Amino acid sequence: MSTIPQIVTTEWLAERLNDPKLRLIDATTFMKPLQDGNITLTSGKDSYNATHIPGAIFADVMNELSHPDADKPFTVPPRDYFIEKVTQLGIGDADTYTVIYDQGALVGVPVVAPYWASRLRWQLLFEGFENIAVLDGGLPKWKEEGRPLTNVPGSYPKATFTGERQSHRLVTKEEVFNAIEDDSTVLINSLSPADFYGETNTYPRKGHIPGSKNVFFGLHSSPETKEVLSDEQLRKTFEATGALDPNKKVITYCGGGIAATWNALILEKLGVKNVAVYDGSLNEWAADPELPLTTGKK
């Protein structure tokens, strides 16, 4: 079977909606920023039950596909645990391909970025799964175009999986610390400029990891069309960071390793080969007073 694109259009998916080889996943978690700088997180399961793309199943990234005993949310779970969960959903070795979407899950913020879909894609790739795409524009775009919806739950037969973990896709805080002074590595902070410069109170400490460059995850899609921008436009966004240099390793991070996966996907779309995600991100880094952070515009 040929490899599918990393990002597919609603038209592409609509043409394949009845393909028995398709595995379609709704991966929504709702994130709502609060006025005090904190956030609330809610599973998208109820919203999925109300309406979703026909055939889609729900993957609970928040409650089922993150580490069940970690002290930080959305931490990568043990490999065996994750594989058991996703093979029960029907994702595995068979001659199938997987398309993941979300429901536009940053509540009250006009940002188009299917980062819950990209998070699950990244987790699957990390464990060695292949042929996975994210739906451009997600459910909001699908709805705007008047495409079919249902409240009938989807299902796929249990699968098996024998692939190998791709360890290069994830880095630890120790690796990030070593990368601060490493000219061969580019650190990309995926949060808003306000978060980057330390103007918000979202994390235990303010600011960004020294030496990192800010590329806000919300820059890559048009708010009007909900479509990812052209490769030419995307390249302009990343050019000044050095992330497009084929001799560099790129590490993306954010608050909890979610938005960072959307930046990682965009970089891969642009042909960047050596991209890793700092899974702990600022939830872990900012909680450790021994680790450096930088604030302000310098």
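Residues numbered from 1 in each chain as written. Predicted model: local features only at pLDDT ≥ 70, side-chain atom pairs only at ≥ 80, totals over all residues. Heavy atoms only, no water.

(A) Local environment of the sheet that holds strand β6 (residues 97–101). Taken in spatial order, the 5 strands of this open sheet run β1-β7-β6-β2-β5, and their pairing is parallel. Two strands lie at the open edges of the sheet, namely β1 (7–8) and β5 (57–58), each paired on one side alone. Alignment of strand β2 (residues 22–26) against β5, held across 2 bridges, turns out to be parallel. Each residue of the ladder has a partner; that of I25, found in β5, is I57. (Pairing = 2+ DSSP bridges. Helix = DSSP H or I, 4+ residues; strand = E, 2+ residues; numbered from the N terminus.)

(B) How the structure looks around the pattern of salt bridges. This model, assessed by the stated rule, comprises 14 salt bridges. A salt bridge links R147 to E145; the nearest nitrogen and oxygen atoms lie 2.8 Å apart. What emerges from the salt-bridge pattern is a single network uniting K141, E145, R147 and E227. (Salt bridge = Lys/Arg side-chain N within 4 Å of Asp/Glu carboxyl O.)

(C) Broad picture of the pairing of strand β11 (residues 249–253). Burial within β11 is extensive, with 4 of its 5 residues counted as buried. Pairing geometry for strand β9 (residues 185–189) and β11, over 5 bridges, is parallel. Counted as the bridge partner of I188 is T252 from β11. Pairing of β11 with strand β12 (residues 275–278) involves 3 bridges; the strand directions are parallel. Directly across from I251, in β12, lies its bridge partner A276. Following the backbone out of β11, through helix α9 (residues 259–269) and into the adjacent parallel β12, one traces a crossover that is right-handed. (Buried < 20%, exposed > 50% of the residue type's maximum accessible area, 1.4 Å probe, protein only. Right-handed = clockwise from strand over helix to strand, strands pointing away.)

(D) Focus on the sheet that holds strand β10 (residues 213–214). The strand order across the open sheet formed by 5 strands is β8-β12-β11-β9-β10, and the pairing between neighbours is parallel. The open sheet is flanked by β8 (170–171) and β10, the only strands paired with a single partner. Relative to β12, β8 runs parallel, the two being bridged by 2 bridges. Residue V171 lies in a different strand from β12, and its bridge partner there is Y278.

(E) Just the UniProt feature "domain: Rhodanese" (unreviewed entry) in the protein chain, in detail. In this structure's numbering, the residues bearing the UniProt feature "domain: Rhodanese" (unreviewed entry) are residues 46–151 and 181–294. Spanning residues 181–294, this segment combines 25% helix with 14% strand, and its end C-alpha atoms are found 14 Å apart. (UniProt positions renumbered as here; feature names shortened; annotations may be inferred.)

(F) Seen up close, helix α4 (residues 115–126). Taking 1.5 Å per residue, 12 residues should reach 16 Å; α4 reaches 16 Å between its end C-alpha atoms and fits that length. A large share of α4 lies buried, amounting to 12 of its 12 residues. Backbone geometry just after α4 places G128 at a positive phi near 105°. (Expected span 1.5 Å × (residues − 1).)

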